[in-house]
Amino acid sequence: MELPRGMKDFETEELSGIELVRERFVQTARLFAFQLMEPSPIESLSTLEAKSGPAIRKEIYHFRDKGDRDVALRFDFTVGLARYVSSRQSLRLPAKLGSFGGVFRYDEPQKGRYRFFHQWNVEIFGRPGIESEAEIIEFASRLYGSLGLDGVSIHISHRRLAESFIRNSYPHAGQGMQGEVFADSLRLVDKAAKKSLGDLLKEYGHLPGEFVRGLLDFASIRGTPEEVEARIDTGTLDSWDYLVELWDSLQNRSVKNILIDFGVVRGLDYYSGTVFEAFDEKSKFGALAGGGRYDSLMGAFGRPEMGAAGMAGGVERTLLAMGERAADGRGAAPDVFVLYANGQMQRHAARLASQLRARGVPVGIDLAGRQLKKQIESASGARLVIIVGQRELAEGKVVLRNMADGTESQVGIDGLLDDPSGLL
Ligand code: AMP
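Residues numbered from 1 in each chain as written. Predicted model: local features only at pLDDT ≥ 70, side-chain atom pairs only at ≥ 80, totals over all residues. Heavy atoms only, no water.

## Some remarks on the overall build of the protein chain
Here is step 1 of the chain: The helix and strand inventory of the protein chain stands at 16 helices and 17 strands.
Here is step 2 of the chain: The C-alpha radius of gyration computed for the protein chain amounts to 28 Å, which surpasses the reference 22 Å derived for 424 residues by more than 25%, pointing to a less compact arrangement than a globule.
Here is step 3 of the chain: C-alpha atoms of the protein chain, sized along the principal axes, occupy 95 × 55 × 45 Å.
Here is step 4 of the chain: Buried positions account for 48% of the 424 residues belonging to the protein chain.
Here is step 5 of the chain: Within the protein chain, contacts between residues separated by at least 24 positions form 67% of all contacts whose residues are at least 6 apart in sequence.
Here is step 6 of the chain: Working note: accessible area of the protein chain is about 20,900 Å², and carbon and sulfur atoms make up 49% of it. (Helix = DSSP H or I, 4+ residues; strand = E, 2+ residues; numbered from the N terminus. Rg over C-alpha atoms; globule rule 2.2 N^0.38 Å. Buried < 20%, exposed > 50% of the residue type's maximum accessible area, 1.4 Å probe, protein only. Contact = heavy atoms within 4.5 Å. Areas by Shrake-Rupley, 256 points an atom, 1.4 Å probe, with all protein chains shown as cover.)

Shown next, in the form of structure tokens:
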């Protein structure tokens, strides 16, 4: 009866952490006027291949359904939302959409990397520009702030910066360089911070050593616009001015936890312009979120004019970064129990428990008809217990015991139901 590799059950503590992130996500989405929706969990395989071609098959769950259709489980929300928006001719643009839920990936399982996990996601469709990108980055900054993650910084860059640097610095290749060497060079920038120099020189041995070192040096450039300009002649790089404008827009919005980072290119995915990734200073499990501008994906869905930008964050990784703070008690047992002095009192206790729950008071009750002593033992972690006994009940009362100090008092049932706030 073992689970398939990479799958797990979500136990109470983790699930309540996920609910906490969902709640803050929904609140923040409302503040920023994102409309929530959920794209289908199953797509046609061909739709998901619009992202990066058939190579994506290695990374996703796909199968043939009983009607012989090639289908796949969603691996993010971006593709589903982009498909949805591109098929809606009448949608008012710009459209700001958000989603929260589970996604599937055929990743190699390890801590912080699973085959089913949760993501939050926001997207802006319809001619996004600097202000849309700034809005998405500001959203992420506020979301992490609302979760108490003050050590998160959002690293921003632009794909064309790295692309122009690669073209300018590859010997003899000049402006026209494309193809495998170009793709490998982008991959190298992506991996620069994740692997050692020795490993990278070996892995990219087919590229000139000086070029590899130059790229790694480029990928290590980070800081404020002034700090970056002190390290490299930005006049030779495409889109530097765009990135500085985005930086200024974020300053204008008082988003302080940002950093220009030339090492961020977001792999070979569908991104076409600005790219960003969120990191927690103390977390060892990679990026918390990533995103950027991806006009080319909209092109693949037949709407090249539309343009889109968005960001997706991993929920389980956020919980790992939050550590203890993720446990806000919502998964805990109720701290009020209704007990019955004997079997005859059980149905009276059950009625009282039901009336209290109807008034919004979370209460526990023993369902097995056990003796009072056993019920008290089970409720030992509670703050208050209410004991329903024959004598008190005849007078319309119950016993209220404070479990911290053992003190008891008799209270009227009607009064308790009229104003149960003392139980909360
Ligand atoms: P991506 O859609 O690949 O840009 O991923 C966005 C975010 O989802 C990442 O920054 C991670 O926080 C999270 N993530 C991606 N893959 C996994 C995985 N296999 N397990 C857990 N979280 C993941």
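And the narrative resumes.
## Concerning helix α13 (residues 346-358)
Here is step 1 of the chain: With 13 residues, α13 extends 18 Å from end C-alpha to end C-alpha; this agrees with the ideal 18 Å at 1.5 Å per step.
Here is step 2 of the chain: Along α13, the residues classified as buried are Ala349, Leu352, Ala353 and Leu356. One face of α13 carries all of its buried residues, which in axial projection span an arc of 100°. The outward face of α13, more than 90 degrees from its buried face, is lined by the exposed residues Arg347 and Ala358.
Here is step 3 of the chain: Taken together, the buried residues of α13 touch β13 (336-340), β14 (364-365), β15 (384-388), β16 (397-402) and α16 (413-418). (Expected span 1.5 Å × (residues − 1). Arc of directions from axis to C-beta.)

## A few points about the site of the ligand
Here is step 1 of the chain: Arg105, Asp107, Tyr114, Arg266 and Ala287 are the nearest of the 14 residues found near the ligand.
Here is step 2 of the chain: Taking arginine 266, its side chain carries an N or O atom lying 2.5 Å from an oxygen atom of the ligand.
Here is step 3 of the chain: In the environment of the ligand, an oxygen atom lies 3.3 Å from a nitrogen or oxygen atom belonging to the backbone of glycine 314.
Here is step 4 of the chain: Burial of the ligand by the protein chains amounts to 89% of its free accessible area of 480 Å².
Here is step 5 of the chain: Listing elements by their share of the shell around the ligand, those giving two or more residues are β6 (116-125) and β12 (308-314).
Here is step 6 of the chain: A class-by-class count of the residues in the shell around the ligand yields six nonpolar, three polar and five charged. (Near = heavy atom within 4 Å. Polar contact = N/O pair within 3.5 Å; in protein donor to acceptor, adjacent residues only side chain to side chain. Nonpolar A, V, L, I, M, F, W, Y, C, P; charged D, E, K, R; others polar.)

## A word on the sheet that holds strand β17 (residues 408-412)
Here is step 1 of the chain: Read from one edge of the open sheet, five strands run β14-β13-β15-β16-β17, paired in mixed fashion. Whereas interior strands pair on both sides, the edge strands pair on one side only; in this sheet they are β14 and β17.
Here is step 2 of the chain: Pairing of β15 with β16, which is carried by four bridges, proceeds in the antiparallel orientation. Residue pairing in the sheet places isoleucine 386 in a bridge with leucine 400 of β16.
Here is step 3 of the chain: With respect to the sheet, α13 is in contact with β13, β14, β15 and β16, its orientation differing from that of β13 by roughly 160°. (Pairing = 2+ DSSP bridges. Axes fitted to C-alpha atoms, helices over the stretch in contact; angles between N-to-C directions.)

## Let's talk about a negative patch on the surface
Here is step 1 of the chain: A grouping of Glu226, Glu227, Glu229, Asp241, Glu245 and Asp248 is seen on the molecular surface, where their side chains present a negatively charged patch.
Here is step 2 of the chain: Where the negative patch is concerned, the elements lending two or more residues are α9 (225-229) and α10 (240-252).
Here is step 3 of the chain: Structurally, aspartate 241 can be placed in helix α10. (Patch = residues over 30% accessible without salt bridge, like charges linked within 9 Å, V, L, I, M, F, W, Y side chains within 5 Å. Salt bridge = Lys/Arg side-chain N within 4 Å of Asp/Glu carboxyl O. Lys, Arg positive; Asp, Glu negative; His and termini not counted. Charge placed at Lys NZ, Arg CZ, Asp CG, Glu CD.)

## Remarks on the environment of serine 141
Here is step 1 of the chain: Position of serine 141 among the secondary structure elements: in helix α4 (residues 130-146).
Here is step 2 of the chain: Note: C-alpha distance between serine 141 and threonine 236 (95 residues apart in sequence) is 31 Å.
Here is step 3 of the chain: When near neighbours in sequence (up to four residues on either side) are disregarded, serine 141 contacts Ile154, Val255 and Asn257.

## Remarks on the sheet that holds strand β8 (residues 222-223)
Here is step 1 of the chain: With respect to topology, nine strands assemble into an open sheet ordered β1-β5-β6-β12-β11-β10-β7-β9-β8, the strand pairing being mixed. With partners counted over all chains shown, the strands left at the sheet margins are β1 (35-36) and β8, one partner each.
Here is step 2 of the chain: Pairing of β6 with β12, which is carried by seven bridges, proceeds in the antiparallel orientation. Across the sheet, residue isoleucine 124 finds its bridge partner in β12, namely alanine 309.

## Side note on the pairing of strand β11 (residues 289-293)
Here is step 1 of the chain: Extensive coverage of β11 is indicated by the burial of five of its five residues.
Here is step 2 of the chain: Bridge analysis of strand β10 (residues 274-280) against β11 gives four bridges, and the strand direction is antiparallel. Bridge pairing in β11 places phenylalanine 276 opposite glycine 291.
Here is step 3 of the chain: Of the pairings in the sheet, the one linking β11 to β12 comprises five bridges and is antiparallel in character. Residue pairing in the sheet places arginine 293 in a bridge with alanine 309 of β12.

## A look at the nonpolar core
Here is step 1 of the chain: If you look at the biggest cluster of nonpolar residues, it comprises 69 residues, and the most contacted ones within it are Trp120, Phe139, Tyr144, Ile154, Ile156, Phe262 and Met311.
Here is step 2 of the chain: Ranked by the residues each element gives to this core, the list is headed by α4, at eight residues.
Here is step 3 of the chain: With sequence-adjacent residues up to four places away left out, phenylalanine 262 is seen in contact with Ser157, Leu161, Val189, Phe218, Ala219, Ile221, Val228, Ile232, Leu237 and Trp240.
Here is step 4 of the chain: Leu81, Ala82, Tyr271 and Ala308 belong to the second-largest nonpolar core, a separate cluster that totals 27 residues. (Core = buried A, V, L, I, M, F, W, Y, C linked by side-chain atoms within 4.5 Å.)

## Considerations on the side chain of glutamate 135
Here is step 1 of the chain: Here glutamate 135 shows up in helix α4.
Here is step 2 of the chain: Taking relative accessible area as the criterion, glutamate 135 reaches 19% and is therefore assigned buried.
Here is step 3 of the chain: Those residues in contact with glutamate 135 that lie beyond four places of it in its chain are Phe32, Lys96, Ile124 and Arg253.

## A few points about the packing of helix α5 (residues 159-169) against helix α6 (residues 179-191)
Here is step 1 of the chain: The geometry of α5 relative to α6 is characterised by a closest axis approach of 10 Å and an angle of 125° between their N-to-C directions. It follows that α5 is oblique to α6 by the angle criterion. Remark: the crossing between α5 and α6 carries right-handed chirality. Along the contact surface, α5 presents Arg159, Ala162, Glu163, Ile166 and Arg167, while α6 presents Phe182, Ser185 and Leu186. (Parallel < 35°, antiparallel > 145°, perpendicular 65-115°, else oblique. Left-handed = near helix turned anticlockwise from the far one by under 90°.)

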